[in-house]
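Structural overview
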Amino acid sequence: MDQTLDEVNKHCGEHVQAYASCVDSHSDTWKTDCVDLRKALTECSDKNVTLMKMVRLSCQPVIDKYQDCLNRNSQSPQVCVDSLRDLYECTESVGQMMEKMNTLQRKHGGLAPSKAGDNSSSPAKE
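What comes next concerns the included structure. Keep in mind that what you see is a predicted model, and the values were worked out from it rather than measured.

The secondary structure content of the protein amounts to 5 helices and 0 strands. Starting at the N terminus and walking to the C terminus, you meet the elements of the protein as α-α-α-α-α. Looking at the protein as a whole, 26% of its 126 residues qualify as buried. Of all intrachain contacts in the protein linking residues separated by at least 6 positions in sequence, the fraction that spans at least 24 positions is 53%. When the accessible surface of the protein is split by element, carbon and sulfur atoms take 52% of a total near 8800 Å².

Encoded structure:
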């Protein structure tokens, strides 16, 4: 997952900085005040980091469950540790699946190898 975060920072660093700054500046109202910056960061990472998009697509119900828990328990987010663990497990399984797919692609040819942030899935040119 560290590689994925590095890819997000590489491609969307300005969005990460802007969102983090907004959250820091609006500690009580960040959920509403920073919503546009959060959306921009999500769009950037979906566009530029394949693994982030795959995680979001594959783990959306788990993400929603965790977000709902945080919304219901904003004063005591530690209550959501089980939902966070489920989210971690989901993201790790997607990451492992992507690594296996990339290994198979490299091993058997056919498709160009893909990195965590590479959106290409076109056949390798001969």
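We now examine the layout of surface pockets. In this structure, the largest pocket occupies an estimated 1200 Å³ of space. What lines the largest pocket is a set of 30 residues, and nearest its centre among them are Thr-42, Met-52, Ile-63, Gln-67 and Leu-87. Among the elements of the structure, helix 1 (2-25), helix 2 (30-33), helix 3 (35-48), helix 4 (50-72) and helix 5 (81-108) are those that each provide at least two residues to the lining of the largest pocket. The element contributing the most residues to the lining of the largest pocket is helix 4, with 9 residues. The class makeup of the residues in the lining of the largest pocket is 18 nonpolar, 7 polar and 5 charged.

For helix 4, which comprises 23 residues, the first-to-last C-alpha distance of 31 Å matches the rise-based estimate of 33 Å (1.5 Å per residue) to within 8%. When the local axis directions of helix 4 are compared, the greatest deviation, roughly 80°, occurs at Cys-59, which is followed within four positions by the proline Pro-61. When we look at burial in helix 4, the residues that qualify are Thr-50, Leu-51, Val-55, Cys-59, Tyr-66, Cys-69 and Leu-70.

Rules behind the numbers
- Residues numbered from 1 in each chain as written.
- Predicted model: local features only at pLDDT ≥ 70, side-chain atom pairs only at ≥ 80, totals over all residues.
- Heavy atoms only, no water.
- Helix = DSSP H or I, 4+ residues; strand = E, 2+ residues; numbered from the N terminus.
- Buried < 20%, exposed > 50% of the residue type's maximum accessible area, 1.4 Å probe, protein only.
- Contact = heavy atoms within 4.5 Å.
- Areas by Shrake-Rupley, 256 points an atom, 1.4 Å probe, with all protein chains shown as cover.
- 1 Å grid on protein atoms, 1.4 Å probe; cavity = no way out; pocket = protein on both sides within 12 Å on 5 of 7 lines; lining within 4 Å.
- Points joined across faces, edges and corners; volume = space filled by probe spheres on them.
- Nonpolar A, V, L, I, M, F, W, Y, C, P; charged D, E, K, R; others polar.
- Expected span 1.5 Å × (residues − 1).
- Bend = angle between axes of the 7 residues up to and from the residue.

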